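Residue-level structural notes
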2 protein chains.
Amino acid sequence: MKRLWQWPIDPLARTVRLMLGEKRCSAELILALPWAQPEVLADMAPGARAPVLIDTEAEEKVTAIGTHAICEYLETAHPTPRLLPFVANERAEARRLWRWSEDSFAEVNALLLTERVNQWVRRVRQPDSEALRKGVHALKSKMTFLNGLAEMRPYMAGRSLTLADLSVAAHLSACDYFGDVPWDLTPDLKDWYARIKSRPSFRPLLADKVEGTRPARHYADLDF
Amino acid sequence: MKRLWQWPIDPLARTVRLMLGEKRCSAELILALPWAQPEVLADMAPGARAPVLIDTEAEEKVTAIGTHAICEYLETAHPTPRLLPFVANERAEARRLWRWSEDSFAEVNALLLTERVNQWVRRVRQPDSEALRKGVHALKSKMTFLNGLAEMRPYMAGRSLTLADLSVAAHLSACDYFGDVPWDLTPDLKDWYARIKSRPSFRPLLADKVEGTRPARHYADLDF
């Protein structure tokens, strides 16, 4: 059995859920609020934070913490369909852009996404307009880069769907839940996202609803 | 032939150099200043930044960009000695802490290391004392966490040397070059570092000298 400690809107947890969906693996989802991590995680390993995957189907029990450990583990344990290409050079490009996505969106998450979560989910305060402004600016700059890739290639890292696509889509989808993605500025990226969004692995994410919030009107619309 | 675009003090480039040393792979080192990335990198892939490894020994030419893509590639291409354990659970823990190290030290690098580079290498300005203070505070908090691991385990992720050790050592060594590591606060971490520092793979790093700077007096001292 697989169990995933996660919070639905967290882009890193979303990356893992998309990967599980693509691999047709089921997992029990256990809620782990980012601002109140369950104590059980700290008992698993020093400093552990969600997402955490525990797999007891494997020969030995595996505890994988963080997207790097979880996704590399899943790719080896469930090689079909491949989400890291077989050819070493293409594999390196997929890993580069997967990592680029996590590193680059960290800035967007720290500003835009955190403000929205504080505003709409935790309802702790009105958003800091300066943080929102900087967050939107950072998001636009990442989207411009990604639009260039989408213009050049069918998928982010090349010819096939990889973890780079899942990671980028997961990050954009979290901002899209709150209606913060200026899709019209980046038409090629929008086309790419529409393709990813219509994959069966994406359906559970489009059905996500976080208590007290309503997703943006177009959030679950495949023809947005 | 392997070629690595790198800057000697960059902790990410140091991680790759340590890994190459442990695997007994030689590579031609090509200077890539972080504040003036060579144009050739942008031609390799959109948004490429050092460290970049190009391997023409492989069956097909491989371009790997960033530590995640480079180190996972090297681990597969040169499996001996292992730097990610064979057992899936231990492998996941090594990847978690390798990634923890890169993510956590990003804060230290953005404050402390960047100020030192601006002060001593680029000589563009006097350091911002507030950034230095925050950087040292961040460094101490990472060191406290790592000291706890060093107290519990012979190596960061468990029983054997892994990429987690190389990454943590690479990051600490960059701060240590400028004499900024308060070793006396974390005796177990200091013992662990003394062991890593005396490995043959570390020698080239201890011989590094960046133009215009002199490393801290104890920097290359194995009995510091």
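Note that the structure is a prediction, hence the values are computed from the model and not measured.

**A look at the overall build of chain A**
The helix and strand tally for chain A stands at 8 helices and 4 strands. In chain A, the order of α-helices and β-strands from amino to carboxyl end is β-α-β-α-β-β-α-α-α-α-α-α. In terms of overall size, chain A behaves like a compact globule, its C-alpha atoms giving a radius of gyration of 17 Å where 224 residues would be expected to give roughly 17 Å. When the backbone C-alpha atoms are referred to their principal axes, chain A occupies close to 50 × 40 × 30 Å.

**Re the packing of helix α4 (residues 88-121) of chain A against helix α5 (residues 129-152) of chain A**
Helix-helix packing: each pair is described by the crossing angle between the helix axes and the interaxial distance. Residue and element names in this part refer to chain A. Two elements in contact, α4 and α5, have axes separated by 8 Å at closest approach and are oriented at 155 degrees. With respect to each other, α4 and α5 are oriented roughly antiparallel. Judged by the twist between their axes, the crossing of α4 over α5 is left-handed. Here Leu-97, Trp-100, Ser-104, Phe-105, Glu-107, Val-108, Leu-111, Leu-112, Glu-115 and Arg-116 of α4 lie close against α5, whose contacting residues are Ala-131, Leu-132, Lys-134, Gly-135, Val-136, Ala-138, Leu-139, Lys-142, Phe-145, Leu-146 and Leu-149. Partitioned by chemical class, the residues of the contact of α4 with α5 number 14 nonpolar, 2 polar and 5 charged.

**Some points on the domain arrangement of chain A**
All names here are of chain A. Under the domain assignment used here, chain A contains domain 1 (2-77) and domain 2 (88-200). Opposite the 14 residues of domain 1 that make contact, domain 2 presents 19 residues. Regarding the contact of domain 1 and domain 2, the summed buried area is about 1500 Å², with carbon and sulfur atoms giving 69% of it. Seen at the junction of domain 1 and domain 2, the total is 2 salt bridges. For Glu-72, the salt bridge identified is with Arg-95, shortest N-O distance 2.7 Å. At the boundary of domain 1 and domain 2, one finds 4 residue pairs in polar contact (both at pLDDT 80 or more). Taken together, the residues that form the side of domain 1 that touches domain 2 break down as 8 nonpolar, 3 polar and 3 charged.

About the thresholds
- Residues numbered from 1 in each chain as written.
- Chains lettered and ligands numbered in written order.
- Predicted model: local features only at pLDDT ≥ 70, side-chain atom pairs only at ≥ 80, totals over all residues.
- Heavy atoms only, no water.
- Helix = DSSP H or I, 4+ residues; strand = E, 2+ residues; numbered from the N terminus.
- Rg over C-alpha atoms; globule rule 2.2 N^0.38 Å.
- Axes fitted to C-alpha atoms, helices over the stretch in contact; angles between N-to-C directions.
- Parallel < 35°, antiparallel > 145°, perpendicular 65-115°, else oblique.
- Left-handed = near helix turned anticlockwise from the far one by under 90°.
- Contact = heavy atoms within 4.5 Å.
- Nonpolar A, V, L, I, M, F, W, Y, C, P; charged D, E, K, R; others polar.
- Domains from an automatic or database assignment.
- Buried area = accessible area lost by both parts, 1.4 Å probe.
- Salt bridge = Lys/Arg side-chain N within 4 Å of Asp/Glu carboxyl O.
- Polar contact = N/O pair within 3.5 Å; in protein donor to acceptor, adjacent residues only side chain to side chain.

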